[in-house]
Structures are given as structure tokens and as C-alpha cells.
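Results of the structural survey
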Amino acid sequence: MKDLQKFEEDFLNQFVPYDTDSFCLALSGGLDSIVLLHLLHNHFKDKFSIRVIHVNHNLNTNSDAWSKFCKKECFKYGFEFLSKSINPKNMGFGLEANARKKRYQAFRQFLNPGECLLTAHHKADQLETILFRIFRGTGIDGLKGIMRKDQLGQNTIFRPLLNYSQAELNEYAKVQKLAWVNDDSNNDLSFDRNYIRKSIIPVIKKRWGSVEESVYRLSLIAEENQRILNDLATEDLNEVLDYDSV
């Protein structure tokens, strides 16, 4: 890696504004969440209270093995490990959507008050998400894509890897000699997101190599525009309320 120190400094600086010292990492066992697990161990283990939650989706014959791998990694790092088994089904909106719904329900069930949920989404996930939403039809709000900071009920979700490319995470994992699991179901093109990731994005990148960075900037612009629209709507509403109270 060209500049490991800068990579880690940028990562650490994102946590400066946070007033919580309690985090829970959503760990799938894949490359991205393993990188985040390693960063948390190296820099925050003695500074913050950190727990790890793994959701077993039971959609692959290797699901139980992945759960055991995650538990082993957490034991190695000395983190508390939580595991939840779910059974997603196609309820008319697709298996992927139901799996996501049940996964976040599990997160809400296990999170403590004031605890911040960390997920390992990165720039490639952002590109995939925004393309998926465009194909389905979306407005400015949908173009925000994955939010770096969001809410899950009373808890905050924070995604500290969202401004990193997958290539950077791969390089970090290589330098640190990390091990992770490979989900072979990611090659199943019957899933919409897999089709976008495997069949569409590679073709786009051949023509527009910087598309990940461009779409990442688009998400930031859409987020800012949506904030401005919400502020204007709030001002207009307050004016109406003030008028009605006269």
C-alpha cells in the first residue's frame, strides 16, 4: 500500500466528532467487514466499548462455517461476539429485500441504547446501490444512495469505509495479511445487485474508469440538495404555522 499511514489517519479522523464510546460492528466475514474489524482492533480496542454482531442468513450451505469463522476472529481480537440466525423469504419484494429487512431487525434487537452500529459499505457498494435505484426509478432522495451517517430507530449507523474504494480495502487486507470468507452466492446473477456488480459495472468501468468516484460525489451533492430542500420546506411550514397563529 502506497500510504498506509494516511489511510489509517483518514479513518481515525472520522471518529473525532462522535460523542459515543460504544460501537457495534456488523460483521459478515467478507473482506470489507474484516478490514473494519482489524482497524477497530488496532486503534480503538482500549478506547471504545466494541461488540460484534454477525447475522447468519442461512442462504448458503457454508453459512454456518462463516458464522464460526466470524466467532473465531472476534475471539482472537477479544471482542464480544453476538450471532443471530434468520431465514429470509421472497415476500413479493424479492429475497434480497427481505434479507436486508430481517438483518436490520436483528441489529435493532441487539443494539444497546446509545450504541452506534458500524457497517463496512464502501464506494463500490455506493455505485451499485445508486445504479440499482436508478434502474428502479428514483428521485433526488434515492440518489443519495447509502448514507455515511444514518439512523436505525434510536441508534446511529455509521459507515466509516464509504469514502474508500474496494481496491484500497483489498490492498490494506493484503498488507495486513488478513483472512476472510468468500460468498460464492455473489456470483448468482439471478440477484439484481449481483447482476449489476458482475455484469454492468465492469462494462461501465471499461469506458469510464473513475465512475466510482463520480457517483460518490453525486451522492454527496444529492444529500446536500435534499438537505437544502428540507430546510426550505421547514421554513415554509413555520411561516404557515406562524400565520395561522395570528
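For the structure, check the block above.
Residues numbered from 1 in each chain as written. Predicted model: local features only at pLDDT ≥ 70, side-chain atom pairs only at ≥ 80, totals over all residues. Heavy atoms only, no water.

What follows concerns the sheet that holds strand β1 (residues 22-26). Sheet strands associate in pairs through backbone hydrogen bonding, adopting either a parallel or an antiparallel arrangement. Strand order across the open sheet formed by six strands is β3-β2-β1-β4-β6-β5, with mixed pairing between neighbours. Two strands lie at the open edges of the sheet, namely β3 (80-85) and β5 (149-152), each paired on one side alone. Neighbour-to-neighbour, the strand axes of this sheet turn through a mean angle of 30 degrees, independent of strand direction. Taken together, the six bridges between strand β2 (residues 49-56) and β3 define a ladder with parallel strand orientation. Looking across to β3, one finds that I53 is bridged to L82. Sitting on the sheet, helix α3 (residues 63-77) touches β2 and β3, and the angle it makes with β2 is about 170 degrees. (Pairing = 2+ DSSP bridges. Helix = DSSP H or I, 4+ residues; strand = E, 2+ residues; numbered from the N terminus. Axes fitted to C-alpha atoms, helices over the stretch in contact; angles between N-to-C directions. Contact = heavy atoms within 4.5 Å.)

Helix length check: helix α5 (residues 123-136), at 14 residues, gives a terminal C-alpha distance of 20 Å against a target of 20 Å (1.5 Å per residue), a fit within 8%. In terms of residue burial, α5 counts as a mostly covered element, since 10 of its 14 residues are buried. Positive backbone phi, at 95 degrees, marks G137, one or two positions downstream of α5. (Expected span 1.5 Å × (residues − 1). Buried < 20%, exposed > 50% of the residue type's maximum accessible area, 1.4 Å probe, protein only.)

If you look at the biggest cluster of nonpolar residues, it comprises 35 residues, and the most contacted ones within it are F11, L40 and L118. Where this core is concerned, the elements lending two or more residues are α1 (4-13), β1, α2 (31-44), β2, α3, β4 (116-118) and α7 (166-176). Here this core takes eight residues from α2, the largest share from any one element. Not counting the four nearest positions on each side in its chain, L40 is found in contact with F11, L25, K45, I50, F79 and L118. (Core = buried A, V, L, I, M, F, W, Y, C linked by side-chain atoms within 4.5 Å.)

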